[in-house]
Amino acid sequence: MALFRFLLNDEIVETEAPAGMAVLDFVRDRVGLKGTKHACREGDCGACLVLLGELTSSGELHYRALTSCLLPIGEAEGRHLVTVEGLAGAGLGPVQQAIVDEGASQCGFCTPGFVVAMTGHLLNTESFELDEALIALAGNLCRCTGYASIRRAIAYLLDDLRGTVEDGPDRIAALTRAGVLPPYFTTVGERLAALESLSPEGAADGPLVAGGSDLYVQRLHELEPATPRLLLRELPAGIHTEDCDLVLSATTTAEDLKRSAVLRATLGDLSRFLDLICSEPVRQRATIGGNIVNASPIGDMTILLLALDAELVLACESERRRTPLRAFYRGYKQVDLGPGEIIESVRFPATRRSGAFNFEKVSKRTYLDIASVNSAAWLRLDGDRIDEAILSAGGVAPIPMRLAATEALLAGQRISAELARRAADVARAEVKPISDVRGSADYKRLLLGQLVIAHLHVLCGIDARELVEAAG
Ligand SMILES: Cc1cc2nc3c(=O)[nH]c(=O)nc-3n(C[C@H](O)[C@H](O)[C@H](O)COP(=O)(O)OP(=O)(O)OC[C@H]3O[C@@H](n4cnc5c(N)ncnc54)[C@H](O)[C@@H]3O)c2cc1C
Ligand code: FES
Ligand code: FES
């Protein structure tokens, strides 16, 4: 077993625990810190949240709230792992006090998760606005208190801290002064910098894990005793331009996509689409490479990238090859990936900025749910004509697919409500959905037609009333 070392709350810990063990099990069963709650174990409830802090390449300390049930303990090596116990000061801090004052806790099972999520948000937010805080806490469920008092506690806290900790370069120092963080946090940066890595050896004997947000739900028992290959530790995330392409590292997460200035300059603000994907703690780990290789027919990031006609760069040791994403799927959950091969990056032409992009997702509930049907569209318009169209669709075939016949119909055509109606008909005809818990085949086919119409409404400005009349 490899030995690795990290800061757990205020203490340096050395452990020989298998790197694949979930942080949830490590802190509860090996260390006895029971504040981190064991509940859904699928990333769905937020009761197990912890903070993971790391020094960035510029030497800054950056924390994220993550679901410990999906997080391998190997990710903590050389970093600061914080459980709710590590947020306790001499008495109640402002986050806990706001919860008490507003009656926002009854049985208290969910409360540690809310405290960690709120602290993680305060460490990172620029806006101190309630709407943004509610997005950050959307993955935290409470079964007994009701959300009105929790919402009041968050609003009260933001009002209290806005102005005192909002400005200034050192958020950690400001939150420590405000009592949100205990005093030892001001020394963590230096302690991590001085923490010598034990360079854990021991070849990986488990699966390749990126964010683990699919794997820890699907294969927990295989991962827990293993030493998985932790891709996020070896392949840095990042988005840059190269040879007229936008290049996204395969370890780019959904949250990175949401926050990337490079991507925003090319495709506009994608946050309204990305907020429909998972909760923020899961988005912080859910990578594009994992989404593509998991090969779910409704993978949201895969559908987004298909409509940009993205290309994959596949790597095996020093060998590289490229393949279009549209050719990567061979059948249900079958992908064109050789033994030992990984997706290293995903790229698409930066000229996509000359078009307009849209994503539509329909699920049983709007947020925190996987899609019944999803679809993305990129259109290049020339006056009142569609010059070029790329459309993708999920949930309507065994694989995430391009709508080739619909694309061919739209290219070169004058924009009209009648064209939208014909495009919807063609899209319905070129897919083969199956009936399952997310809807019948007929429902999904109908839905896809509506999503194609929605794309043309959003991107071409076709009047909704004309669309209804064209539909007869
Ligand atoms: C609570 C919850 C909500 C979710 N909601 C959504 C949602 O709304 N929409 C959605 O699309 N998905 C959702 N997911 C699924 C999941 O988060 C995504 O599919 C995510 O992108 C998977 O990425 P990952 O890095 O976590 O993959 P992992 O779990 O680490 O890996 C998945 C698979 O891909 C392989 N792999 C990973 N990276 C690479 C690579 N670079 N090269 C080769 N193989 C690789 C792994 O070996 C594994 O087989 C949700 C998951 C959870 C737990
Ligand atoms: S136990 Fe529910 S998110 Fe981890
Ligand atoms: S207080 Fe009981 S689950 Fe939230």
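Nothing here was measured: the structure is a model prediction, and the numbers come from that model. (Residues numbered from 1 in each chain as written. Chains lettered and ligands numbered in written order. Predicted model: local features only at pLDDT ≥ 70, side-chain atom pairs only at ≥ 80, totals over all residues. Heavy atoms only, no water.)

Along strand 15 (residues 356-362), five of the seven residues are buried, which leaves the element largely enclosed by surrounding structure. Judged from the seven bridges that link them, strand 15 and strand 16 (residues 373-382) form a sheet pairing that is antiparallel. In the strand pairing of strand 16, Phe357 is matched with Trp378. (Buried < 20%, exposed > 50% of the residue type's maximum accessible area, 1.4 Å probe, protein only. Helix = DSSP H or I, 4+ residues; strand = E, 2+ residues; numbered from the N terminus. Pairing = 2+ DSSP bridges.)

Between two packed helices, both the angle of their axes relative to each other and the distance between the axes serve to describe the pair. Helix 19 (residues 441-460) packs onto helix 18 (residues 417-429) with a crossing angle of 145° between their chain directions and a minimal axis gap of 8 Å. By crossing handedness, the relation of helix 18 to helix 19 is classed as right-handed. Across the interface between the two elements, Ala420, Ala423, Ala424, Ala427 and Arg428 from helix 18 touch Arg445, Leu446, Leu448, Gly449, Gln450, Val452, Ile453 and Leu456 from helix 19. Here the contact of helix 18 with helix 19 is built from residues that sort into nine nonpolar, two polar and two charged. (Axes fitted to C-alpha atoms, helices over the stretch in contact; angles between N-to-C directions. Left-handed = near helix turned anticlockwise from the far one by under 90°. Contact = heavy atoms within 4.5 Å. Nonpolar A, V, L, I, M, F, W, Y, C, P; charged D, E, K, R; others polar.)

One can find Asn374 in strand 16. A residue is classified by how much of its surface remains accessible, and Asn374, at 0% relative accessible area, is buried. Apart from the residues within four sequence positions on either side, Asn374 is in contact with Ile298, Gly299, Asp300, Ile303, Phe359, Glu360, Lys361, Ser392, Ala393, Gly394, Gly395 and Leu451.

We now examine the layout of surface pockets. Computed from the structure, the second largest pocket encloses a volume of approximately 1400 Å³. What lines the second largest pocket is a set of 39 residues, among which His62, Arg64, Asp256, Arg259 and Gln284 lie closest to the centre. Those elements that provide at least two residues to the lining of the second largest pocket are strand 3 (49-55), strand 4 (61-67), helix 3 (111-124), helix 4 (130-136), helix 10 (231-234), helix 11 (254-259) and helix 14 (280-283). Classifying every residue of the lining of the second largest pocket gives 10 nonpolar, 12 polar and 17 charged. Counting the residues that make up the lining of the second largest pocket, at least three belong to each of domain 1 (4-193) and domain 2 (234-353). (1 Å grid on protein atoms, 1.4 Å probe; cavity = no way out; pocket = protein on both sides within 12 Å on 5 of 7 lines; lining within 4 Å. Points joined across faces, edges and corners; volume = space filled by probe spheres on them. Domains from an automatic or database assignment.)

So, on to the packing of aromatic side chains. Counted by the stated rule, this structure contains seven aromatic pairs. The interplanar angle of 45° and the centroid separation of 5.5 Å between the aromatic rings of Tyr63 and Phe185 together place this pair among those described as tilted. Placement of Tyr63 in strand 4 and of Phe185 in the loop between helix 6 (171-177) and helix 7 (188-194) is noted, with a sequence separation of 122 residues between them. Tyr63 sits in the buried class, given a relative accessible area of 2%. (Phe/Tyr/Trp six-rings, centres within 6.5 Å; stacked < 30°, edge-to-face > 60°.)

Not every one of the 33 residues close to ligand 1 is listed here, only the nearest: Leu208, Ser213, Asp214, Thr287 and Asp300. One of the side-chain N or O atoms of Lys361 is found 3.1 Å from an oxygen atom in ligand 1. Taking 990 Å² as the accessible area of ligand 1 by itself, protein coverage stands at 90%. Breaking the shell around ligand 1 down by element, the ones donating at least two residues are strand 6 (208-209), helix 8 (215-218), helix 15 (288-294), helix 16 (300-306) and strand 14 (342-349). The element that contributes the greatest number of residues to the shell around ligand 1 is helix 15, accounting for four residues. Along the lines of polarity and charge, the residues of the shell around ligand 1 split into 17 nonpolar, nine polar and seven charged. Formed jointly, the shell around ligand 1 draws a minimum of three residues from each of two domains, domain 1 (4-193) and domain 2 (234-353). (Near = heavy atom within 4 Å. Polar contact = N/O pair within 3.5 Å; in protein donor to acceptor, adjacent residues only side chain to side chain. Areas by Shrake-Rupley, 256 points an atom, 1.4 Å probe, with all protein chains shown as cover.)

Taken in spatial order, the four strands of this open sheet run 15-16-17-18, and their pairing is antiparallel. Among the strands making up the open sheet, the edge pair consists of strand 15 and strand 18 (401-402). With respect to the sheet, helix 19 is in contact with strand 15, strand 16 and strand 17 (385-394), its orientation differing from that of strand 16 by roughly 30°.

What follows covers the sheet that holds strand 10 (residues 311-316). What the five strands build is an open sheet, ordered 8-9-14-10-11; its pairing is antiparallel. Strand pairing shows two members of the sheet lacking a second neighbour, strand 8 (239-242) and strand 11 (319-324), which therefore form its edges. Going from strand to strand, the sheet's axes swing by 30° on average, the running direction of each strand aside. In this structure, strand 8 lies alongside strand 9 (residues 245-249), joined through four bridges in antiparallel fashion. Paired with Glu242 across the two strands is Asp245, which belongs to strand 9.

Just distances and angles here, no functional claims.
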